[in-house]
Amino acid sequence: MKITFQTKEESNAKQLKDFLKLSPSLRVISFYRMMERLKKFPTKKKKENNNFIIVINE
């Protein structure tokens, strides 16, 4: 395991550079994986039931 010391700006620049090295399809997959991990992130907000309902008025 390698430990490096860097500023926040340096860390963000490296993450962006590494992300842009990925192919476009891998970027999308990486984004979807990140979204899945964020759904498990603990929050204090209660989960709401927001079902999408389509109403057709004739």
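Summary of the structure given here. (Residues numbered from 1 in each chain as written. Predicted model: local features only at pLDDT ≥ 70, side-chain atom pairs only at ≥ 80, totals over all residues. Heavy atoms only, no water.)

**Some words on the packing of aromatic side chains**
Applying the stated criterion to the full structure yields one aromatic pair. Ring centres of Phe 31 and Tyr 32 lie 6.0 Å apart, and the angle between their planes is 55°; this geometry places the pair in the tilted category. Judged by its relative accessible area of 54%, Tyr 32 falls in the exposed class. (Phe/Tyr/Trp six-rings, centres within 6.5 Å; stacked < 30°, edge-to-face > 60°. Buried < 20%, exposed > 50% of the residue type's maximum accessible area, 1.4 Å probe, protein only.)

**A few points about the pattern of salt bridges**
By the definition in use, this model includes two salt bridges. Two residues, Lys 14 and Asp 18, come together in a salt bridge whose shortest N-O distance is 2.8 Å. Note that Lys 14 and Asp 18 are positioned in helix H1 (residues 8-21) at a spacing of four residues, about one turn of the helix. For Lys 14, a relative accessible area of 45% translates into the label partly exposed. (Salt bridge = Lys/Arg side-chain N within 4 Å of Asp/Glu carboxyl O. Helix = DSSP H or I, 4+ residues; strand = E, 2+ residues; numbered from the N terminus.)

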